[in-house]
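# Commentary on secondary and tertiary structure
What follows is the residue order along each chain.
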Amino acid sequence: MAFQHGVYTSEVETSISAAPSVDASLPFVVGSSKAAFGPKVVSSWAEYVEAGGFSDDDAALDPTTEGWHPHSLTSFAYFWFRVAGRGDCVMVGLASDGLSDGSAEDADVTQTAILSALDKIDTVYEVTRRQPSLICVPYFNKTDAVKAAMHAKAMKYGGQFKAIALADIPANAIAGDDQTVSPVTSADSVATAKTAVSPYLVSCWPYAGVDEMRFDLSTVLAATMNRVDGENGGLPFVSPSNKNCYVNGLYVANASGTETPIFMNRDAVNTKIDGNGVVTARNTAAGWVAWGNNTTAYPGSSDIKDYMMPIRRMFNYVQNLWQVFAAPRIDNPLNKRQLDGVVNSFNQVLASLQGFGALNAASIALDDARNTTATLLAGTVYFKIMIAPPPPWQVIHGVFEYDVVGFEASLA
């Protein structure tokens, strides 16, 4: 060391770190396309067409063509990019000849292939450094096996991240008749058709229309969530319910190959659909809006973080944030300075979320009840993280009474 004489300065790392970021409503989408590709971050319709192996004169890309959308991923991409004007999503395309002659759709894409493609979400973070927070499998999501796989990945994928799976109770397929499940043609049957129950799964019914085009309602909900999150700082604390959802009709398929438009008043929707933990849409004075705040855990669960969709999504978001925040600290020396740095830094992260209105209350502290000498010596530290996302304001009740006193005063 050089000889020193005088006054010197130096710096140490700031104990409060910059806030990390995670994706609030980035969808991971598995479906059939003309060519196989992915997992790949796709940011525009043109990028999808290039990745999917389509050409400009492909009938599959012409929404005026009879039997349009022979590929389920094309359906999602068209709605996501061209109808809803959304941005990034992570896609996995499975090659299909796109049969749309009425005998089957995507008959060459097996359920086994879909389930295998879902496994690709486990390495998306390592490949793209993105964390999908929505899982979508348009058209194929109606079977119990696919829903179960979507739910399993939503609970934890890649060993660390959480998401919400968006599925559909079958009303029909997006092109042709669904050959694997029976359509639910009446709102009265929606409750019994909800075969999967989980805080990490949202079910939608029926299917939606944009003029002559038809889309899974789960696709519509994903785009609505993405837009609403973007309008609120990229945070998922605002429910997509009662927000415009781009469509201009709801339908169910008939056995004859025709379809029936669905219109329900508020009380019917609440009783038969929303009250059974299924998301739908309503035609209101503001146009067609998504309707429903509950995951499929409702009404069986009474835990607000499990059955209320925006609260479940905020719990997922903060846990994913914690994963990214804490990861660089693994294998650092376990000392008081490190512990204080974690508490102080993540408290700042939580405070910023609280200041934005995404959390009503939040805190982090060492969990003294779990941190024993033995656990600390083994290099394991427990932190107690408390968060309180705001619930959606579901009921506004005005109590009216005749103003007799005011009436008398008006005549005096």
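In this report, the structure presented in the accompanying data block is examined. (Residues numbered from 1 in each chain as written. Predicted model: local features only at pLDDT ≥ 70, side-chain atom pairs only at ≥ 80, totals over all residues. Heavy atoms only, no water.)

Assigned secondary structure in the chain consists of 13 helices and 14 strands. The proportion of buried residues among the 412 residues of the chain is 49%. For the chain, the share of sequence-separated contacts (at least 6 apart) that also reach a separation of at least 24 residues comes to 67%. Accessible surface, the chain: about 19400 Å² in total, of which carbon and sulfur atoms supply 53%. (Helix = DSSP H or I, 4+ residues; strand = E, 2+ residues; numbered from the N terminus. Buried < 20%, exposed > 50% of the residue type's maximum accessible area, 1.4 Å probe, protein only. Contact = heavy atoms within 4.5 Å. Areas by Shrake-Rupley, 256 points an atom, 1.4 Å probe, with all protein chains shown as cover.)

At 3.6 residues per turn, the α-helix brings residues three or four places apart onto the same side. Burial in helix α3 (residues 111-118) covers these residues: Ile114, Ala117 and Leu118. For α3, the buried positions fall inside an angular range of 105° around the axis, keeping them on one side. On its buried face, α3 sits against β1 (27-33), β3 (89-95), β4 (134-136) and α5 (144-155). (Arc of directions from axis to C-beta.)

Strand order across the open sheet formed by 8 strands is β2-β3-β1-β4-β5-β6-β11-β12, with mixed pairing between neighbours. The open sheet is flanked by β2 (37-42) and β12 (287-291), the only strands paired with a single partner. If you compare each strand with its neighbour and ignore which way they point, the axes differ by 25° on average. Bridge analysis of β1 against β3 gives 6 bridges, and the strand direction is parallel. Its bridge partner being in β3, Ser33 is matched across the sheet by Ala95. Sitting on the sheet, helix α7 (residues 217-230) touches β4, β5 (164-168), β6 (201-204), β11 (278-284) and β12, and the angle it makes with β5 is about 145°. Sitting on the sheet, helix α10 (residues 309-326) touches β4, β5, β6 and β11, and the angle it makes with β5 is about 140°. (Pairing = 2+ DSSP bridges. Axes fitted to C-alpha atoms, helices over the stretch in contact; angles between N-to-C directions.)

To continue, consider the packing of α10 against helix α11 (residues 336-356). Running from N to C, α10 and α11 point in directions that differ by 145°, and their axes come no closer than 12 Å. Handedness of the crossing formed by α10 with α11: right-handed. On α11, the residues that touch Tyr317, Val318, Leu321, Trp322 and Phe325 of α10 are Val342, Ser345, Phe346, Val349, Leu350 and Leu353. Across the contact of α10 with α11, the residue classes break down as 10 nonpolar, 1 polar and no charged. (Left-handed = near helix turned anticlockwise from the far one by under 90°. Nonpolar A, V, L, I, M, F, W, Y, C, P; charged D, E, K, R; others polar.)

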